[in-house]
Amino acid sequence: MVQVQTMMVVADNTGAKMAQVIKIPGASKPHYAHIGQVVKVVIKEATSDATVKKSAMALAVIVRSKKGVKRDNGFKVSFSDNACVIVKADKTPVGTRVFGPIAREVKNAGFNKIASLATEVL
């Protein structure tokens with residue numbers, strides 16, 4: 001569960017390191033986003049040779065959340081950090097690699113390319 005102004009780790013190789021959520025499109029009250037949902041972020045930290053520059057706005061999909069997600073079989077999957085992957089408007093990732101594990105809910109939400117690039121899908 002992520003809300004506005006949440007700082008997130010960027011888990012791809014676009015060069016961005018940290019991003020801050022500035023808008024959750026389509027959210028009614030309460031304004032929370034969950035794993036597999038697209039949010040609008042602003043890049044707070046980036047390397048000098050990044051494809052996504054610092055202070056640029058971008059769309060990102062949430063791939064890990066500290067709060068986690070409860071599944072139908074009773075298991076709860078949670079992670080040690082909040083992480084996102086920068087995507088284009090057509091749901092394809094900007095980067096070519098995804099670092100760390102991602103939740104299965106990302107693939108169920110229609111982001112098959114991100115799931116195939118990830119090292120592990122939990």
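Here is a short report on the structure shown in this document. The structure displayed is predicted, hence computed values, not measured ones.

It is worth spelling out the overall build of the protein at this point. The number of helices and strands found in the protein is 2 helices and 9 strands. Listing every helix and strand of the protein by position from the N terminus yields β-β-β-β-β-β-β-β-α-α-β. By the compact-globule yardstick of 14 Å for 122 residues, the protein fits well, its C-alpha radius of gyration being 13 Å. Reported as C-alpha extents along the three principal axes, the dimensions of the protein are approximately 45 × 35 × 25 Å. Excluding contacts between residues fewer than 6 apart, the proportion of contacts in the protein whose partners are at least 24 apart in sequence is 46%. Carbon and sulfur atoms make up 51% of the accessible area of the protein, which amounts to about 6,700 Å² in all.

Counting 34 residues, the largest nonpolar core has Val-41, Val-63, Ile-86, Ile-102 and Ile-114 as the members making the most contacts within it. Of all the secondary structure elements, the ones that give two or more residues to this core are β1 (7–10), β2 (16–23), β3 (38–46), β4 (57–64), β7 (83–87) and α2 (112–117). The contact partners of Val-63, leaving out residues within four places of it in the chain, are Ile-35, Phe-79, Ala-83, Cys-84, Val-85, Ile-102, Ala-103, Val-106 and Ile-114.

Here 6 bridges tie β2 to β3, and the two strands are oriented antiparallel to one another. Looking across to β3, one finds that Met-18 is bridged to Glu-45. For β3 and β4, the ladder comprises 5 bridges, and the chain directions are antiparallel. Note that in β4 the partner of Val-42 across the bridge is Met-57.

Analysis parameters
Residues numbered from 1 in each chain as written. Predicted model: local features only at pLDDT ≥ 70, side-chain atom pairs only at ≥ 80, totals over all residues. Heavy atoms only, no water. Helix = DSSP H or I, 4+ residues; strand = E, 2+ residues; numbered from the N terminus. Rg over C-alpha atoms; globule rule 2.2 N^0.38 Å. Contact = heavy atoms within 4.5 Å. Areas by Shrake-Rupley, 256 points an atom, 1.4 Å probe, with all protein chains shown as cover. Core = buried A, V, L, I, M, F, W, Y, C linked by side-chain atoms within 4.5 Å. Buried < 20%, exposed > 50% of the residue type's maximum accessible area, 1.4 Å probe, protein only. Pairing = 2+ DSSP bridges.

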